[in-house]
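Per-entry structural report
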Amino acid sequence: MDRVLALSSVAVVVVLGSSAVAPADILASNPIRPDFTTLYYENAWISGGEPGFFFGQSADGFALAQESVVTDVTFAGRIVAAGCFYKDLTNISHFRVMILSDAGGVPGAVVHEQLFTKAQTNPVLAAVLPDTFNLYTHSAAFSSPPTLPAGNYWVSVMGIYIIKEFCDHWGWAQGTVTGHARRSEPDGAWQQVLVSDSGLTYEIIGYPVVPPATFVRRVAAVGDILPGTPGLACESLNDPYTDGYGVVGFTGRGTGDNNFVWYDDRVIWLNSEAAPAYTLTGAEGTMDVGNGGRFIYSPSIDGNDGVWTQAGYLLADNDPAPGFAKFSTFNSRPGMAPNGVAYWVAGLSDTATSSTNQRVLYRVPNPANPVFSAVLVGGQTYAGLTITATGINFAYDADDSGLWFVNNLTNTGPTANDVYLMLTGPNGSEVIAREGFFIPGSNNESFTSTFRIPSVNWHGDVAYAGDTNAATDRDEVLVYKDVVRLREGDVVDGVPLAGASGLGGTVIMVSLNNCGQIAHLWDCGTATTDPERLFFGPGEDLKNSSRLLLSTGDEIDFDGDGICDGVVTDFNASSVIAPGLDLANDGMIYVHVDVQPCGGGSAVEMIIGIRAYCPSDWDASGFSDIEDFTAFVLDFELGEADFDCSGFTDTDDFDAFIRAFEQGC
């Protein structure tokens, strides 16, 4: 690519050749001073020599608006040697080209330099000046182009001489932009040269660094032919869930209204497979998967709202309600622990086909041989509060053992205090947050009636979002272990949790894993231009340690080449229907998103996985290799390899690590 510098009004043109790659362009420049061809001696600054024979060093400043790769430096100059022997480059052996940091308006430390032979700078005779002094242009291509952050820098070029005499020195041609810096000793102080002196002619050539598209695992998308089916195409998708090994599962609809259950990399169940014994239609967005391809979801079974697992029929409305002299009216929000324990919210009525007058949270340890128990029953008292008959709300979660439950409930007390969160576990029930009650560690705040998206792990730790009576720009909070860890308006990883108006930061989703890590999705504002942002961090230090992983508008890459394959236009998450994302114990976050092709077109629903960190980098070397495998096996033998954060080391840890190691990072 050729670069052109206008030398003077007498139509002398300098052509600066560049060996830069195709995307390179001029990042910064100082065009040559037009009168340089007539005021040849006064308008060249000597810059050359080595320690022991030093005749000064000049530098000129430039700025990079964004992180960039600098591939070439072009410059122009001549021998400044009135009365001496050489008027061309005969006495020059090399040029030293340097990029220096800025130290408060003068050059600082050298950040990159290269010594070029004279020939490597591609000298081109650009003009013959008065007294037959020759002006040359040069193009020096760095063999290892540096990547420089946005900011202020200086460029310096020094001629290196063959004959070290007090003449025949190289002088740097001056540019039109005033101001440069100079020093007279190799380690001397730099001084600015400003008054009536132009800067030095140069071009900084390179290209801005475009952040590579975020690498994600593309699991499935609307329009795909569904693997594991007889050629069905995907027509819609629901939200993702993971098992104990981080394997993803979800439901969706295929061609011909044939809903499916997906596990790992393929469909493992179709509604049509229940025929002729049952007719299954539809699928609720909420479902779950257990280890080894176990699953639970909620289709309509012969027209009745039911729950179905890998073992088949479990319960449907109008069935006698197990454990009650009542009938089932609905079966919704099903979940499953990795060990296959199933649970869901069911409605009850006194007679078949009647409307719901009570709710129950069912638990079934083994759907293949179902024994029903009630974790919670509407109308009964737990932890000193009586749940209203239909007060078991749909916002709840269970841990990976199926022993801990956190529920959003409504009690029979005053409406100012009737909504609350309760944790139920092996040792009973405990109210952990309640409408109208003081929030520990807050500035005398209390919760309003909004508790959303609770998440519990198998240590019984809970994370959830809530709304408080604080000012409207600070009232949204994210709580973990009974402490407010984040709130609307906080700045996380350089990003404010609010919109352009300063208001509107809302938690859309919280997912807590067994390692105490949290994926949290925020709607940063109310305007359509304000993005949704996905963060990941340790629960106890969300504000300071969370990292931004993905936002609407971000480019994503499916094949690892760093090039955009799609743009995220929306996170399909709902704190009411289904969560929209799930954080596995191995740091993989699966998300239900809308993605638009990078070349344009309509956005489509997609399930993607984004890795928050590399779990198989066991020795924390920065990458995953055989040394990590060896280190893990050694720790496993010592009983110190709690990969899944269960609190102890067992074969589940080994199996989970092997899977993560095989997937790589």
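Note on numbering: residues in each chain are counted from 1, in written sequence order. The predicted origin of the model limits local features to residues at a pLDDT of at least 70 and limits the giving and counting of side-chain atom pairs to 80 or more, whereas totals for whole chains, interfaces and linings rest on all residues. Note: side-chain values were computed over all heavy atoms of the structure, leaving out hydrogens and water.

**Regarding the side chain of Ser-298**
- Under the DSSP-based scheme used, a helix requires at least four consecutive residues in state H or I and a strand at least two consecutive residues in state E, with every element numbered from the N terminus. Take Ser-298: it is sitting in the loop between strand 27 (294-297) and strand 28 (300-301).
- Classification of residues uses two cut-offs on accessible area relative to the type maximum, computed with a 1.4 Å probe and protein chains only: under 20% is buried, over 50% is exposed, and between them is partly exposed. A relative accessible area of 4% means that Ser-298 is categorised as buried.
- Counting of polar contacts relies on pairs of N or O atoms within 3.5 Å, with two restrictions inside protein: one atom must be capable of donating a hydrogen and the other of accepting it, and residues adjacent in sequence are counted only when both atoms are side-chain atoms. Here the side chain of Ser-298 touches Gly-306 through a polar contact of 2.8 Å, landing on its backbone oxygen.
- For Ser-298, the residues in contact, after removing those within four places along its chain, are Ala-283, Glu-284, Asp-305, Gly-306, Val-307, Asn-331 and Pro-334. Here, residues are in contact when the closest pair of their heavy atoms is within 4.5 Å.

**What about the confidence of the model for the protein chain?**
- Confidence scores labelled pLDDT are given residue by residue by the predictor and lie between 0 and 100. On average, residues of the protein chain score 88 in pLDDT, and 90% of them reach the 70 mark or higher.
- Taken together, the stretch residues 1-22 has pLDDT below 50 and engages in 64 contacts with residues farther than four places along the chain or on a different chain.

**Regarding the state of the cysteines**
- Cysteine sulfur atoms that pair up within 2.5 Å are treated as a disulfide. Overall, the coordinates contain two disulfides when judged by the stated rule.
- One disulfide in the model links Cys-515 with Cys-645; its S-S distance is 1.9 Å. With the S-S dihedral at roughly 90°, the linkage between Cys-515 and Cys-645 falls on the right-handed side. Taken as a pair, Cys-515 in the loop between strand 46 (505-512) and strand 47 (517-524) and Cys-645 in the loop between helix 2 (626-637) and helix 3 (651-663) lie far apart in primary sequence, 130 residues in all.
- There is a disulfide in this structure between Cys-564 and Cys-598, and the S-S distance comes to 1.6 Å. Between Cys-564 and Cys-598 the disulfide shows an S-S torsion of about -70°. By sign, it is left-handed. Linking Cys-564 in the loop between strand 50 (555-557) and strand 51 (566-571) with Cys-598 in the loop between strand 53 (588-597) and strand 54 (604-611), this pair joins segments that are 34 residues apart in sequence.

**Regarding the pattern of salt bridges**
- We count a salt bridge whenever a side-chain nitrogen from Lys or Arg sits within 4 Å of a carboxyl oxygen from Asp or Glu. For the structure shown, the criterion picks out 14 salt bridges.
- Taking the shortest distance from any N to any O, the salt bridge between Arg-253 and Asp-257 comes out at 3.6 Å.
- Through salt bridges with shared partners, a single network forms among Arg-217, Asp-264 and Arg-659.

**Observations regarding unusual backbone geometry**
- Residue Pro-276 is bonded to the preceding Ala-275 through a cis peptide linkage, with omega at 5°.
- By the secondary structure assignment, Pro-276 is in the loop between strand 24 (266-270) and strand 25 (280-281).
- The residue Ile-453 is not glycine, and still its phi comes out positive at about 40°.
- You can see Ile-453 is positioned in strand 40 (residues 447-456).

**Digging into the pairing of strand 47**
- Burial analysis of strand 47 places seven of its eight residues in the buried class, the great majority of the element.
- Only when DSSP finds a minimum of two bridges between them are two strands counted as paired. Pairing between strand 46 and strand 47: seven bridges, direction antiparallel. Along strand 47, the bridge assignment pairs Leu-512 with Ile-518.
- The antiparallel hairpin formed by strand 46 and strand 47 contains four residues in its connecting segment, where Gly-516 sits at a positive phi of about 75°.
- Two elements, strand 47 and strand 48 (residues 532-538), share seven bridges in a ladder whose sense is antiparallel. Pairing of Leu-521 across the sheet is with Leu-534, part of strand 48.

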